[in-house]
Amino acid sequence: MSKWNTSMIPDQKGRVIIITGATSGLGKETARVLAEKNATVVLAIRNVKKGEAVVMEFKKTLPHASFDVRALSLDSLNSIKEFAAGILKSYDRVDVLINNAGVMACPFSKTTDGFEIQMGVNHLGHFALTGLLMPVIQKTQGSRIVATSSQAHRQGDINFNDLQWKNRKYVTGKAYSDSKIANLYFAYELARKLKDQPNAPVVTAAHPGWTITELQRHSVMFRILNPIFGQKVDQGALPTLRAATDEQAKSGDYFGPKGFMEMKGAPVLVQSNALSHDKEKAEKLWSMSESLTGVTYP
C-alpha cells in the first residue's frame with residue numbers, strides 16, 4: 001500500500017468537525033485540510049480574533065469552505081460548559097471531535113479551577129469537553145473522537161496522590177509527559193466503555209512525532225534540535241488526520257509517524273507503551289477526572 005496522505009481522505013461534505021486549538025500548528029493545518037475536504041470546521045479556540053484572522057487567511061485559497069469560530073478556554077470549566085451548550089444548541093450532529101489543543105513545558109500555573117495547567121488543559125479540559133458533547137456525538141452515525149498524545153507519554157507516570165503538584169517540586173517536562181499518558185488512558189478507557197454500544201463513536205489517538213510547532217516555544221532544546229529532527233507541520237498533522245478520517249480505523253487505534261523512533265514519516269498504526277495500557281490506572285484517572293470536573297459520561 002502506498003504511503004497514507006491527504007489525497008486518501010474521503011470527501012467530508014455534510015460532516016461537522018470540531019478542532020480544539022485550531023489557530024496554529026497542527027490544529028490549524030488539520031482545520032485547513034478538512035475544510036478543503038468540504039467539512040464544516042468548528043475552530044474551538046481561546047482567541048476569537050485570532051480565529052477570525054485564520055479563517056480570513058484560509059478563505060483566500062478556500063473561498064467556499066465552511067468555518068465556525070467559537071471561544072473555548074480549556075483551562076476553565078465554565079468556558080467548556082458554555083462552548084458545549086452552544087454546540088448542542090447550534091448543531092444536530094458532530095461527526096468528529098479532535099482534541100488537539102495543548103500546553104507544553106510551561107512554568108507552573110493553575111487553571112481557573114485550580115488544576116495544574118498541563119494536566120488541566122491537556123487532559124481534564126478535554127475530558128470535560130468530550131463528556132459534555134457526548135449526547136450529540138453519540139447520536140451522529142459513524143462519529144469519532146480523536147485524542148492527541150505524544151512520544152512524551154513514554155516518560156509519563158501519574159502520581160495519583162499529587163495530581164496538582166502540591167507536595168512536589170514542579171518538573172514541567174514530567175508534568176507534560178503525565179498529561180500525555182493521561183490522553184491515552186482516556187482514549188483507551190473511553191473505547192472500552194463504549195465497546196458494547198451499538199453505533200458507538202470510534203475513539204482513536206494520534207501523535208505527531210517530532211513536529212516543529214509553537215508549542216515548543218518554552219524549550220531551548222527544541223529550538224536547537226528542530227532543524228535536525230523536526231518535520232514540517234503539514235507532515236506532523238497527518239497522524240491526526242488519519243486518526244480522524246481513515247475509514248478502516250478502529251477504536252483504540254493509535255497513529256504516529258513510521259520513521260526512526262516515530263519522529264517523522266508517513267502515518268501508520270503504532271504502539272504506545274505498556275503503562276498506557278494499564279486498565280487499573282486508566283479507571284482510576286477516569287473516576288478522578290469525573291469528580292474533579294463534575295462531568296460524568298452518559
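Let us look at the structure shown here. (Residues numbered from 1 in each chain as written. Predicted model: local features only at pLDDT ≥ 70, side-chain atom pairs only at ≥ 80, totals over all residues. Heavy atoms only, no water.)

**Remarks on the packing of helix H1 (residues 25-36) against helix H8 (residues 238-245)**
Viewed as axis vectors pointing N to C, H1 and H8 meet at an angle of 45°, and their least axial separation amounts to 10 Å. Considering their axes alone, H1 and H8 lie oblique with respect to each other. Considering the relative orientation of H1 and H8, their crossing is right-handed. Along the contact surface, H1 presents Thr30, Val33 and Leu34, while H8 presents Thr240, Leu241 and Thr245. The residue inventory of the contact of H1 with H8, partitioned by class, reads three nonpolar, three polar and no charged. (Axes fitted to C-alpha atoms, helices over the stretch in contact; angles between N-to-C directions. Helix = DSSP H or I, 4+ residues; strand = E, 2+ residues; numbered from the N terminus. Parallel < 35°, antiparallel > 145°, perpendicular 65-115°, else oblique. Left-handed = near helix turned anticlockwise from the far one by under 90°. Contact = heavy atoms within 4.5 Å. Nonpolar A, V, L, I, M, F, W, Y, C, P; charged D, E, K, R; others polar.)

**Digging into the sheet that holds strand E7 (residues 254-257)**
Overall, mixed pairing links the eight strands, which are arranged E3-E2-E1-E4-E5-E6-E7-E8 in an open sheet. Either end of the sheet is taken by a strand with one partner, and the two such strands are strand E3 (66-71) and strand E8 (267-269). Between one strand and the next, the sheet's axes are offset by a mean angle of 20°, whatever the strand orientation. In the sheet, strand E2 (residues 40-45) pairs with E3 via six bridges, with the strands oriented parallel. Note on E3: the bridge partner recorded for leucine 43 is valine 69. Packed on one face of the sheet, helix H5 (residues 172-194) meets strand E4 (96-99), strand E5 (144-148), strand E6 (202-206) and E7 and runs near 160° to E6. (Pairing = 2+ DSSP bridges.)

**Digging into the pairing of E2**
Across the six residues that make up E2, a large majority, five, are buried. Here strand E1 (residues 16-20) pairs with E2 via five bridges, running parallel. Residue pairing across strands places threonine 20 opposite alanine 44, the latter belonging to E2. Following the backbone out of E1, through H1 and into the adjacent parallel E2, one traces a crossover that is right-handed. With helix H2 (residues 48-61) bridging E2 and the parallel E3, this β-α-β connection has right-handed handedness. (Buried < 20%, exposed > 50% of the residue type's maximum accessible area, 1.4 Å probe, protein only. Right-handed = clockwise from strand over helix to strand, strands pointing away.)

**So, the pattern of salt bridges**
With the rule as written, the count across this model stands at 13 salt bridges. Here arginine 32 and glutamate 29 are joined by a salt bridge, their closest N and O atoms 2.8 Å apart. A residue pair is termed a helical-turn pair when its members lie 3 or 4 positions apart in one helix, as arginine 32 and glutamate 29 do in helix H1 at three residues. (Salt bridge = Lys/Arg side-chain N within 4 Å of Asp/Glu carboxyl O.)

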